[in-house]
Amino acid sequence: MNSEKNSSPKNNSKSLIIKYHDNLAQPGLVDMVENVVYDDHFDWHKPIGGFSSVKKTYPFGKVMDHDSRVVDSPQLVHSILIDNDQKSAHFYLMMELVKDITSNLWKNDNVRIQVARAKFNLLVQQHLPDGIWYNPPHVDPYLDKLSRIDVEEGMGQVNMLYYINSSDGDTFFFDGNHVTDYDDYSTRVSPKKGRVVFFEPDQYHASSPPINNQYRMVLNVNLLTSAPLPELYKYIEEEDKP
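Procedures and definitions
- Residues numbered from 1 in each chain as written.
- Predicted model: local features only at pLDDT ≥ 70, side-chain atom pairs only at ≥ 80, totals over all residues.
- Heavy atoms only, no water.
- Helix = DSSP H or I, 4+ residues; strand = E, 2+ residues; numbered from the N terminus.
- Rg over C-alpha atoms; globule rule 2.2 N^0.38 Å.
- Buried < 20%, exposed > 50% of the residue type's maximum accessible area, 1.4 Å probe, protein only.
- Areas by Shrake-Rupley, 256 points an atom, 1.4 Å probe, with all protein chains shown as cover.
- Lys, Arg positive; Asp, Glu negative; His and termini not counted.
- Charge placed at Lys NZ, Arg CZ, Asp CG, Glu CD.
- Axes fitted to C-alpha atoms, helices over the stretch in contact; angles between N-to-C directions.
- Left-handed = near helix turned anticlockwise from the far one by under 90°.
- Contact = heavy atoms within 4.5 Å.
- Phe/Tyr/Trp six-rings, centres within 6.5 Å; stacked < 30°, edge-to-face > 60°.
- Lys NZ or Arg CZ within 6 Å of the ring centre and 35° of its normal.
- Core = buried A, V, L, I, M, F, W, Y, C linked by side-chain atoms within 4.5 Å.

The helix and strand inventory of the chain stands at four helices and eleven strands. Against the 2.2 N^0.38 benchmark of 18 Å for 242 residues, the chain shows a C-alpha radius of gyration of 17 Å, consistent with a compact globule. A principal-axis box enclosing the C-alpha atoms of the chain has dimensions of 50 × 45 × 35 Å. Here the chain, with 242 residues, has 52% of them falling under the buried criterion. For the chain, the computed accessible surface area is about 12,300 Å², with 47% contributed by carbon and sulfur atoms. For the chain, the separation between the mean place of its 24 positive charges and that of its 34 negative charges on side chains is 2 Å.

Structure follows, in structure tokens:
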């Protein structure tokens, strides 16, 4: 059984959707992934270019002048699949997890889904004043702009977040077409073990550091899909009709 939640950004001209679900993956698989990542020998690394969740070229000054709630909390990563290169001994387990989630959600044979890029992200506890804080709003890499990833004609992109553990440190979503084109966040999703979020490639979003919990761990996946996200959910609506 899965529960679906809908969130619609305020910027209707953009018409981006965010959907999250609980209990899509098998409980045993959810526990197995958590145990793997929690293992003392699981290796975490500094991202290329520094500990930030965004690139060095990100306009930090401009964004922080626009929004005083933006922080840049340090992040560690464990790469799974980058530039068509398998980076982790746990690659096949993670592919099984993604397959379990997507096949339980989209049962239509017309839906094709391929993992193009995947990595774990780790944020550790930060001691910040009371209030709302989040990391720099950004969009994930556009897969058709990456030279080492072949995007078949007609395939689109869907971004997926899977929460390894329950914690604070919500994911925030923003309207707008660039990093300062918003007045406030439009919606937020709280990390819950086994919860998965799907959103479109143009959707600005930001993680936030845990304040009450020791760590926040997510699997970040960029999917190639046979249809854009709104159309994929139309398949589900058709399946649910009596």
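Here we come to unusual backbone geometry. Non-glycine residue Asp83 carries a positive phi angle of around 55°. Within the secondary structure layout, Asp83 lies in the loop between β3 (75-82) and β4 (85-86). A positive phi angle, near 65°, is found at Asn84, a position not held by glycine. Relative to the elements of secondary structure, Asn84 occurs in the loop between β3 and β4.

On to the packing of helix α1 (residues 27-38) against helix α3 (residues 91-105), then. In the contact formed by α1 and α3, the axes pass within 11 Å of each other and the chain directions differ by 145°. Between α1 and α3 lies a crossing of left-handed hand. Within the contact between the two elements, α1 uses Leu29, Met32, Val33 and Val36 and α3 uses Leu93, Met94, Glu96, Leu97 and Asp100.

On to the packing of aromatic side chains, then. Counted according to the given criterion, the structure contains 13 aromatic pairs. With a centroid separation of 5.1 Å and an interplanar angle of 70°, the aromatic rings of Trp106 and Phe198 are classed as edge-to-face. Taken as a pair, Trp106 in the loop between α3 and β5 (113-124) and Phe198 in strand β9 (residues 196-199) lie far apart in primary sequence, 92 residues in all. Judged by its relative accessible area of 5%, Trp106 falls in the buried class. Take Phe198: its relative accessible area is 0%, and that puts it in the buried class. Across the ring face of Tyr233, the terminal group of Lys19 is positioned such that the distance to the ring centre comes to 4.8 Å.

In globular proteins that are soluble, nonpolar side chains generally tend to be buried together. Within the largest apolar cluster, 40 residues are counted, with the highest numbers of intra-cluster contacts made by Ile101, Trp106, Met160, Tyr162, Phe198 and Leu219. Those elements that place two or more of their residues in this core are α1, β3, α3, β5, β6 (156-163), β9, β11 (215-225) and α4 (229-240). For this core, the leading source of residues is α3, giving eight residues. Contact partners of Trp106, with chain neighbours within four places excluded, come to Val111, Ile113, Phe198, Leu229, Leu232, Tyr233 and Ile236.

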